[in-house]
Structure formats: structure tokens, C-alpha cells
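# Coordinate inspection notes
What follows is the residue order along each chain.
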2 protein chains.
Amino acid sequence: MSTHSHDIEEGLSFQPKFDAAGLVTCVATDAATGDVLMVAHMNDEALRKTIATGEAWYFSRSRNALWRKGETSGQTQHVVEMRTDCDQDAVWLRVEQLGAACHTGRRSCFYRRVEAEGTGARLVFVDADRLFDPSAVYKK
Amino acid sequence: MSTHSHDIEEGLSFQPKFDAAGLVTCVATDAATGDVLMVAHMNDEALRKTIATGEAWYFSRSRNALWRKGETSGQTQHVVEMRTDCDQDAVWLRVEQLGAACHTGRRSCFYRRVEAEGTGARLVFVDADRLFDPSAVYKK
């Protein structure tokens, strides 16, 4: 292992490894249940704001904009713990999620199970109740 | 919302949205504890093999190769449940992890907490005991 890799994997310096678009992948899980709520991305500024404020900030690739989770919907995420992985290209947030994490109104974005069917797969809804009505929350 | 988006978010057809490199992001969590074990990537073949076999397969970006989790280390992942998210560009695996998920020998790749320090951040080891010796497992 190179000195650099050893430092990244075993060191105590936070050196996030951003991809070509300047982003790291972020997984948010429910601190109470361990369920994965969402997978999103953070740029350097989102990381800094999340660390400084204890509330989750992300970078939206579709809107090309920094985004405080819940700024429109009110469904904020309070960060209980942030971790990074061995090569520092991903971040795990354990959060207290107010209401629903998903823009569809569900608690988690992962509301469909993937099941084998023949040689392919099909989806099955699971934990898919809506906690809010997206058409009322995200008004044009 | 377009008909296409509605179908992706509310439909029962599995239509993974691969990125420019042909990959989706995959989060593996410990089915027993909810801890995030690792964040990795799958191409179409890795997805198909995972669904068909019930064992986790990934695509290694660094080695540019399909990879059955544990094929070298023996630390395999049995898939308890697979889910996909609203826009189908990420997959969540709940797994029974044999031994350690991380190539450093730790149970999880997320063995360091990110803590605020001044205007920056520092890392703190947490749950960082090694379950195997990587130099013995990954022989050249």
C-alpha cells in the first residue's frame, strides 16, 4: 500500500475524495431503525455546512444546486453521527428524520423491494405509505 | 411529472438507471444491526448475478472487473433483501455478512466518525477492530 493510501485509510485527517463532478456519495440512515432513507451527494460546501450545523445539506445533481434537506418540505434531517469509509469517497449519516425523507412523501426512498422473477426481476411495494402529499408540499 | 418519471417512481418494472459508466450505487447494510457495511457499485451483470444467486456481486471501478464479494477473502454477503430507490439509480442490500465487509479487515468500511473541529473536521476511530489480517488474506 502506498503511503498516501495508508494515510487515507488509517489516518485521522478528513480528506474526502471527490469524484470528477466534485461530489461524494452520502447514505442517510434512520438512527432509530437502521433503515436506509436515501442516497444523495455532497460537494465540499454541503459537507462543510453539514458538519458545522448538524443538519444535512446535499448537492442536487439535477438542479445543480446546494440544498438544505427539508428547506422546501420541512422534512429536515438532524445528524446524530457522520462517518466516512476506508477510501473516503462516501459518507454515512445517521439521522433523526422529521417526517419523510423521500420527495414522493414516503419515509424512505427505498419503498420497493427487488424480487427475482424468471430470469429477470420485478418490484414490490413495501413500507410505501405516504406521510405527506407531494403535490401539496412542492407547489410550483 | 412526466409519464416516464411516474413509471420509474411508481411502477413495478425494475429499470435501473445506470450512470455514464454503466453503474448504479449500492449500499450494503447489516440485516441484523442496520449498520452500513459498504458503499459500492454494480453494473448490469452484477445486478443480474446478485438477483439470480442471492449473493452480492459488485463491479470494481479500480480493477474494472466484475467481482463476487468474498471471492478472495471468503467474507461473502448473503442477500436478505434488495430494494431500489425512487429514481432507480441506487440499490440497498440488507445482507448477512460473513466476517468483515472491509478490505482493511473491519466489519464495516465506515470505521471512522467525522467530528467538527474548529472550522474543519477530524476523524475518530469507532468500531475499528480488525476481524482479519488483510496482509494474510490478500496475498500478492
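For clarity, every value in this text was computed on a predicted model and none was experimentally measured.

## Examining the interface of chain A and chain B
Contacts between chain A and chain B engage 48 residues on the former and 48 residues on the latter. When chain A packs against chain B, the two sides together hide about 4000 Å² of surface, and 57% of this comes from carbon and sulfur. A per-residue breakdown of the area chain A buries against chain B is headed by Arg83(A), Phe110(A) and Arg112(A), which together make up 16% of the total. Here chain A is connected to chain B by ten salt bridges. Inspection of the chain A/chain B interface yields 34 residue pairs in polar contact (both at pLDDT 80 or more). Tallying contributions element by element places strand E8 (residues 120-125) of chain A first for the side of chain A that touches chain B, with six residues. Of the residues contributing to the side of chain A that touches chain B, the split by class is 23 nonpolar, ten polar and 15 charged. Relative to strand E7 (residues 112-117) of chain B, strand E5 (residues 77-84) of chain A runs antiparallel, the two sharing two bridges. Counted as the bridge partner of Thr84(A) is Arg112(B) from E7(B).

## A few points about the sheet that holds E8(A)
Spatial strand order, E8(A)-E7(A)-E5(B)-E6(B)-E1(B)-E2(B): six strands in an open sheet with mixed pairing. Either end of the sheet is taken by a strand with one partner, and the two such strands are E8 of chain A together with strand E2 (36-42) of chain B. The mean angle between the axes of side-by-side strands here comes to 35°, regardless of whether they run parallel or antiparallel.

## Regarding the side chain of Ser108(B)
All names here are of chain B. Counting through the fold element by element, serine 108 comes out in the loop between strand E6 (90-97) and E7. With relative accessibility at 10%, the residue serine 108 sits in the buried group. A distance of 2.7 Å separates a polar atom in the side chain of serine 108 from the backbone oxygen of valine 36.

## Examining the UniProt feature "binding site: Zn(2+)" (unreviewed entry) in chain A
Residues given the UniProt feature "binding site: Zn(2+)" (unreviewed entry) here are Cys86(A), Cys102(A) and Cys109(A). For the residues just named, distributed over 24 residues, the greatest C-alpha separation reaches 27.8 Å, placing them at more than one site.

## A few points about the relation of the copies chain A and chain B
If you rotate chain A by 180° and push it 0.0 Å along the axis, it lands on chain B with an RMSD of 0.0 Å. Given the turn and translation reported, the copies of this chain are related as if by a two-fold rotation axis. Residue Gly34(A), judged by its C-alpha, is the member of chain A lying nearest the rotation axis, at 2.0 Å. By residue overlap, the copies meet face to face through one surface: 100% of the interface positions of chain A are interface positions in chain B.

## Some remarks on the UniProt feature "binding site: Mg(2+)" (unreviewed entry) in chain A
Those places that UniProt annotates as "binding site: Mg(2+)" (unreviewed entry) correspond, in this numbering, to Asp85(A), Asp87(A) and Asp89(A). Tracing the chain through its elements places Asp85(A) in the loop between E5 and strand E6 (90-97). A relative accessible area of 2% means that Asp85(A) is categorised as buried. When neighbours within four sequence positions are excluded, Asp85(A) is seen to be in contact with Ala90(A), Cys109(B), Phe110(B) and Arg112(B). Positionally, Asp89(A) belongs in the loop between E5 and E6. Note on Asp89(A): relative accessible area 16%, which makes it buried.

## Considerations on the environment of Val124(B)
The residue Val124(B) is located in strand E8 (residues 120-125) in this model. As for Val124(B) and Cys102(B), which are separated by 22 residues in sequence, their C-alpha atoms are 17 Å apart. Residues in contact with Val124(B), not counting those within four places in the same chain, are Leu12(A), Tyr111(B), Arg112(B), Arg113(B) and Glu115(B).

## Some remarks on helix H2 (residues 44-53) of chain B
One turn of an α-helix holds 3.6 residues; hence residues three or four places apart share an orientation. Residues and elements named next belong to chain B. For H2, every residue scored as buried is listed here: Ala46, Leu47, Thr50 and Ile51. Viewed along the axis of H2, the buried residues span an arc of 130°, placing them on a single side of the element. The first or second residue beyond H2 is glycine 54, which carries a positive phi of 75°.

## A closer look at the pairing of E8(A)
All names here are of chain A. Sheet analysis places strand E7 (residues 112-117) next to E8, joined by six bridges and oriented antiparallel. The residue bridging arginine 113 from the neighbouring strand is valine 124, located in E8. Linking two consecutive strands that pair antiparallel, namely E7 and E8, is a turn of two residues; a positive phi of about 60° is found at glycine 118 within it.

About the thresholds
- Residues numbered from 1 in each chain as written.
- Chains lettered and ligands numbered in written order.
- Predicted model: local features only at pLDDT ≥ 70, side-chain atom pairs only at ≥ 80, totals over all residues.
- Heavy atoms only, no water.
- Contact = heavy atoms within 4.5 Å.
- Buried area = accessible area lost by both parts, 1.4 Å probe.
- Salt bridge = Lys/Arg side-chain N within 4 Å of Asp/Glu carboxyl O.
- Polar contact = N/O pair within 3.5 Å; in protein donor to acceptor, adjacent residues only side chain to side chain.
- Helix = DSSP H or I, 4+ residues; strand = E, 2+ residues; numbered from the N terminus.
- Nonpolar A, V, L, I, M, F, W, Y, C, P; charged D, E, K, R; others polar.
- Pairing = 2+ DSSP bridges.
- Axes fitted to C-alpha atoms, helices over the stretch in contact; angles between N-to-C directions.
- Buried < 20%, exposed > 50% of the residue type's maximum accessible area, 1.4 Å probe, protein only.
- UniProt positions renumbered as here; feature names shortened; annotations may be inferred.
- Least-squares fit on C-alpha atoms with pLDDT ≥ 70 in both.
- Arc of directions from axis to C-beta.

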